[in-house]
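Results of the structural survey
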Amino acid sequence: MLNRRSYTILKREFMARVFTKGFILMTILLPLFMFGSMAIPTMMMKFGGEKKSHIRIISETPDLIPTLKASFDTLSSQKSRDITFEYDSLDSVALGSDLQELRSDILSNKISGVIFIPDRALADKQIAYYSTNPNNTMIFMHIGSVINRSLVDYYFRDKNISKEDLDYARQGIDFKKFRISKKKEGAEEESKGNELLAFVFSFLLYMGVIIIGSGLMQSVIEEKASRIIEVLLSSTHAQELMVGKIIGASLSGLLQMVIWIIPVLFVSFSALLVIPPEFHLKVDSGLFIYFFINYTVGLFIYLGLFAAVGSIFDNSQDAQSGTWPVALLVAIPFMIGISIVMNPGSILSEVCSFLPFFTIFVMPARMALIDVPTWQLLVPPIINILTLTVTFKLAAKIYRVGILMTGKKPLWSDVVKWVRYKY
Amino acid sequence: MSVALEVREVCKNFGAIKAVDRVSFVVPEGSIFAILGRNGAGKTTTIRMMMNIYLPDKGEVFFRGTKVGQEFKNKVGYLPEERGLYKKMKVMDLLRFFAELKGKRGAEITHRAKSYLERFQLSDRIKDKVQDLSKGNQQKIQFLATILHDPEFVILDEPFSGLDPINTNLLKDMILEMKQQGKAIIFSTHLMDFAEKLCDHLALIDQGRVVLSGSLSQIKEEFSRRHVHLVYKGDISFLHDLPIIDKIEDFGNTAGIRVKDPGQIQELLRLLVARGVEVKKFDADEISLHEIFVQITGDTGEKTSTKIR
């Protein structure tokens, strides 16, 4: 199927794809964006209190103040020097006039907020926060637990409970996860890295298919709209043309994926970067080999469909609104691929890893999370090849007719007719 | 006469529309063959079937005795009616790409491309992107892409439409040059003047059917035997009622007149003189392709095929 002419087309398609600003930018920016989006919450927490904050803490119970002071001193010295505190003891009536008095200071942000801890907080833990920006979650994250700790300490102070007992009561439970697998004796501690990898796999597959697919669609539309198609067809057969274009675009997609995956491999296996031990990946190279083969076949399947959609329309706007059937075929399996992280052993994830289209997104994620029996790994390639055979035949028929149809925007019923045309 | 290409009874329907209906003609080796017809007559569809871009519903196309297929595609140079190039490719890359699709590559093609570009005064634009060239220069690149692989056979669909006068001349010269090299050239057009000056064989297509085909000289001879090209002053309206007249196309100063029998031409002249018409020119053996075209396609309901070999 891949002859000299297909090869010539493949070469051109690959070059036209790879040597563009868009491709280079997307290939470089996506990993940055991906790692960035993971790092942003941490960064926000670290540097979120970009402005200096001053908090006034008012307790109705004067005795609570030393406890609060002690707790906040630890916080301000350890975590953030950007928040300063002042303390006062007032009842709820005095609070009203206090707030009135300090109104201008609060409005001008000299005082970022006022926390009022009423007496009944020692029974119901209801406290109040007054600020121009009462939704500042940074404040609650930093301060909430400290006040809670002070309240608990104060509440239990005369109750003859040892500090150890109190600490125990305060502590939440922590699940340590172990995976029992055929590959290793005993049990192996599970890594959070694998959960992350499952997500990264689904995300990259999705981005890859969408980017390369819509790129190919645009290229088909360009050839159709600018009528290059007729010159091409005077030298080659429509099917050779389509095969050349699909393989050329797929190779550019593979190149892109390799560039995307390298940082993942580097981060997971390299000793150069210190990453927390719980994020160390527990994977073998077989997973990555499966991932790439799966992606290649996935591209062949989806690119055929994208090429067919491109051939139906002669301008990008119409095509954008006409891609929805293919876009859904990418988006729904992707969603499922992501959601199986919750429970990779569920019936849903097992069934989806064998369904046409779904298997492309679900199986790699599932493999990253659990031990998939070998026989289950042999089924998806067969399913993929069968899917490819069907979609390719269908796409080739639509493509062959579509690329020469110009003028009136065709209806879906017309497209169904094309499939039956003798060309 | 050896036959380069034979179109045999090809039909193509698009839904209920009969785009091409049992079209047949032969293109002799080394000839310049014109496919004539109005817009929408079926010329492009016929050409696409010759190029194997469309499969005919019925009928076949033969190139030197074998059905057209990939071998033919490798040997043909094709300029479609609506032209297009990859706008973002560089001139030389683009030319090499199209030649490579035809199976030609290497230094020889680069050399050929360079010498053509020089001749077309484009040698300084080799590394430019196609989109940076003027429309006229893009047209030149398109011709070049059509012939760079040295095709044995050239098909040009409406080659003169949209060309500026310089490129029109350039293309005309190229066609003649290729004819001298013994190549067969097919072109379609609705411009009769050009066809008359360039072609030696033709097929006239109207409403999807061939209504006339053969060698230009024989066709003209046949049609001119009953035809008079008249340049005059006066009133010739009386001719409409004369029984010897088959058809008149009157332009006021000139007229194309067809008599029912070649023997009636002398009588026509006598009548004109007798009626006091000032006859400035009475050309009894001359007919333009345009007049033939109008005579045939203008005849309502007359769809009989006239074949002259």
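Keep in mind that what you see is a predicted model, and the values were worked out from it rather than measured.

A few points about the sheet that holds strand 14 (residues 278–283) of chain B
Residue and element names in this part refer to chain B. A sheet is described by the order of its strands in space; here four strands give the open sequence 12-13-11-14, paired in antiparallel fashion. Across the chains shown, the open sheet's two edge strands, defined by having one partner strand only, are strand 12 (245–250) and strand 14. Strand-to-strand twist across the sheet, computed as the mean angle between neighbouring axes with direction ignored, equals 25°.

A word on the domain arrangement of chain A
Considered domain by domain, chain A is made up of domain 1 (4–34 + 191–420) and domain 2 (53–170). Averaged C-alpha coordinates put domain 1 of chain A and domain 2 of chain A at centres separated by 54 Å.

Some points on helix 6 (residues 165–180) of chain B
All names here are of chain B. Here helix 6 contains 16 residues, and its C-alpha end-to-end distance of 23 Å stays within 8% of the 22 Å for a straight helix at 1.5 Å per residue. All of the buried residues along helix 6 are Asn167, Thr168, Leu170, Leu171, Met174, Ile175 and Met178. Looking down the long axis of helix 6, one finds its buried residues gathered within 165° of arc, a one-sided arrangement. Exposed side of helix 6, more than 90 degrees from the buried face: Pro165, Ile166 and Gln180 are the residues found there. As for helix 6, its buried residues are in contact with strand 3 (32–36), helix 4 (107–119), helix 5 (135–147), strand 7 (153–157), strand 8 (184–189) and helix 7 (192–198). Among the residues trailing helix 6, glycine 182 stands out with phi positive, at a value near 85°.

Things to note about the nonpolar core
Residues Leu5, Phe25, Met50, Phe98, Phe153 and Ile155 of chain B are the most contacted members of the largest nonpolar core, which totals 173 residues. No other element matches the 16 residues that helix 11 (residues 285–312) of chain A contributes to this core. Excluding anything up to four places from it in sequence, phenylalanine 25 of chain B contacts Leu5, Glu6, Val7, Phe33, Ile35, Thr46, Met50, Ala203 and Val210 of chain B.

Remarks on the pattern of salt bridges
Residues and elements named next belong to chain B. Using the criterion set out here, one finds 39 salt bridges over all chains in the structure. With a closest N to O distance of 3.5 Å, aspartate 57 and lysine 12 form a salt bridge. With aspartate 57 in the loop between helix 1 (43–50) and strand 4 (58–63) and lysine 12 in strand 1 (residues 3–14), this pair connects stretches of sequence that are 45 residues apart. Classification of aspartate 57 as partly exposed rests on a relative accessible area of 30%.

Side note on the domain arrangement of chain B
All names here are of chain B. Domain boundaries in chain B define domain 1 (3–212) and domain 2 (220–307). In this structure, domain 1 and domain 2 have C-alpha centres spaced 36 Å apart. For the pair domain 1 and domain 2, the two sides together bury roughly 1200 Å², of which 68% comes from carbon and sulfur. When the buried surface of domain 1 facing domain 2 is broken down by residue, Glu196, Val211 and Leu212 rank first, second and third, together holding 42% of it. Run the count over domain 1 and domain 2 and you get one salt bridge. With its nearest N and O atoms 2.4 Å apart, the salt bridge here joins glutamate 196 to lysine 220. Viewed at the interface, domain 2 and domain 1 are joined by two residue pairs in polar contact (both at pLDDT 80 or more).

Notes on helix 6 (residues 137–156) of chain A
Residues and elements named next belong to chain A. The end-to-end C-alpha distance of helix 6, which contains 20 residues, comes to 28 Å, matching closely the 28 Å that a straight helix rising 1.5 Å per residue would cover. At isoleucine 143, helix 6 is deflected by roughly 35°, the largest bend along its length. Those residues of helix 6 not exposed but buried are Met138, Ile139, His142, Ile143, Val146, Ile147, Ser150, Leu151, Val152 and Tyr154.

Regarding the packing of aromatic side chains
What the rule picks out here adds up to 21 aromatic pairs over all chains. Among the aromatic side chains, those forming a connected cluster through ring pairs are Phe201, Phe288, Phe291 and Phe292 of chain A. The aromatic ring of phenylalanine 97 of chain B is capped on one face by arginine 12 of chain A, whose charged end is 5.7 Å from the ring centroid. Above the face of the tyrosine 155 of chain A ring, lysine 159 of chain A is positioned so that its terminal group lies 4.2 Å from the ring centre.

Considerations on the interface of chain B and chain A
Listed per partner, the contact involves 32 residues of chain B and 25 residues of chain A. Of the roughly 2700 Å² buried at the junction of chain B and chain A (both faces included), carbon and sulfur atoms supply 53%. When residues of chain B are sorted by the area they lose upon contact with chain A, Ile53, Tyr86 and Leu101 of chain B head the list and together hold 25% of the total. In this assembly, chain B and chain A are joined by three salt bridges. Across the pair glutamate 100 of chain B and lysine 11 of chain A runs a salt bridge, and its minimum N-O distance is 2.9 Å. Going through the elements one at a time, strand 1, helix 2 (70–75), strand 6 (76–79) and helix 3 (91–101) of chain B are the ones with two or more residues in the side of chain B that touches chain A. For the side of chain B that touches chain A, the element with the highest residue contribution is helix 3 of chain B, accounting for four residues.

Remarks on the environment of valine 279 of chain B
Residue and element names in this part refer to chain B. Its location among the elements puts valine 279 in strand 14. Each C-alpha atom of the pair valine 279 and valine 231 lies 6.4 Å from the other, and the pair is 48 residues apart in sequence. Here valine 279 is in contact with Leu230, Val231, Leu269 and Leu272, once residues within four sequence places are set aside.

Section: a positive patch on the surface
Together, Lys21 of chain A together with Lys88, Lys90, Lys114, Lys127 and Lys129 of chain B line one region of the surface with positive charge. You can call lysine 129 of chain B partly exposed: its relative accessible area is 34%.

Things to note about the sheet that holds strand 4 of chain B
Residues and elements named next belong to chain B. Spatially, 2-1-4-5 is the arrangement adopted by the four strands of the open sheet, whose pairing is antiparallel. Pairing within the sheet leaves two strands with one partner each, and these edge strands are strand 2 (17–28) and strand 5 (66–67). The sheet contact formed by strand 1 and strand 4 spans five bridges and is antiparallel. Across the sheet, the residue bridging to leucine 5 is phenylalanine 63, located in strand 4.

About the cut-offs
- Residues numbered from 1 in each chain as written.
- Chains lettered and ligands numbered in written order.
- Predicted model: local features only at pLDDT ≥ 70, side-chain atom pairs only at ≥ 80, totals over all residues.
- Heavy atoms only, no water.
- Pairing = 2+ DSSP bridges.
- Helix = DSSP H or I, 4+ residues; strand = E, 2+ residues; numbered from the N terminus.
- Axes fitted to C-alpha atoms, helices over the stretch in contact; angles between N-to-C directions.
- Domains from an automatic or database assignment.
- Expected span 1.5 Å × (residues − 1).
- Buried < 20%, exposed > 50% of the residue type's maximum accessible area, 1.4 Å probe, protein only.
- Arc of directions from axis to C-beta.
- Contact = heavy atoms within 4.5 Å.
- Core = buried A, V, L, I, M, F, W, Y, C linked by side-chain atoms within 4.5 Å.
- Salt bridge = Lys/Arg side-chain N within 4 Å of Asp/Glu carboxyl O.
- Buried area = accessible area lost by both parts, 1.4 Å probe.
- Polar contact = N/O pair within 3.5 Å; in protein donor to acceptor, adjacent residues only side chain to side chain.
- Bend = angle between axes of the 7 residues up to and from the residue.
- Phe/Tyr/Trp six-rings, centres within 6.5 Å; stacked < 30°, edge-to-face > 60°.
- Lys NZ or Arg CZ within 6 Å of the ring centre and 35° of its normal.
- Patch = residues over 30% accessible without salt bridge, like charges linked within 9 Å, V, L, I, M, F, W, Y side chains within 5 Å.
- Areas by Shrake-Rupley, 256 points an atom, 1.4 Å probe, with all protein chains shown as cover.
- Lys, Arg positive; Asp, Glu negative; His and termini not counted.
- Charge placed at Lys NZ, Arg CZ, Asp CG, Glu CD.

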